[in-house]
Amino acid sequence: MTERELMIECIPQITEMALEIKKMTPEQYQEFKQDHLTEVERSYPVALGFMKKIYDIIEWSLV
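Reading the values: the criteria
- Residues numbered from 1 in each chain as written.
- Predicted model: local features only at pLDDT ≥ 70, side-chain atom pairs only at ≥ 80, totals over all residues.
- Heavy atoms only, no water.
- Helix = DSSP H or I, 4+ residues; strand = E, 2+ residues; numbered from the N terminus.
- Polar contact = N/O pair within 3.5 Å; in protein donor to acceptor, adjacent residues only side chain to side chain.
- Buried < 20%, exposed > 50% of the residue type's maximum accessible area, 1.4 Å probe, protein only.
- Contact = heavy atoms within 4.5 Å.

Re the environment of Ser61
For step 1, the next point in the chain: Within the secondary structure layout, Ser61 lies in helix H4 (residues 48-61).
For step 2, the next point in the chain: Distance in space between the C-alpha atoms of Ser61 and Met1 is 25 Å, their sequence separation being 60 residues.
For step 3, the next point in the chain: Side-chain polar atoms of Ser61 contact the backbone oxygen of Ile58, separated by 2.8 Å.

Here's the deal with the side chain of Lys33
For step 1, the next point in the chain: Its place among the elements puts Lys33 in helix H3 (residues 26-43).
For step 2, the next point in the chain: Residue classification places Lys33 among the buried residues on the basis of a relative accessible area of 17%.
For step 3, the next point in the chain: Beyond its immediate stretch of four places on either side in the chain, Lys33 contacts Tyr55 and Glu59.

These figures capture arrangement, not role.
Now the structure itself:
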């Protein structure tokens, strides 16, 4: 599976994340994002780059 295919498959989860993030203050979001990326790096480091791209997409969509 390519990264693009995985991204498409994850659209429902990405949308759910974006909707929850919309409810957060900027400070809450930054804390959530940092905690989540730290956990991803600790538990599954190979996925860190993918998750950073997910956050880029979410941030772009919320502008």
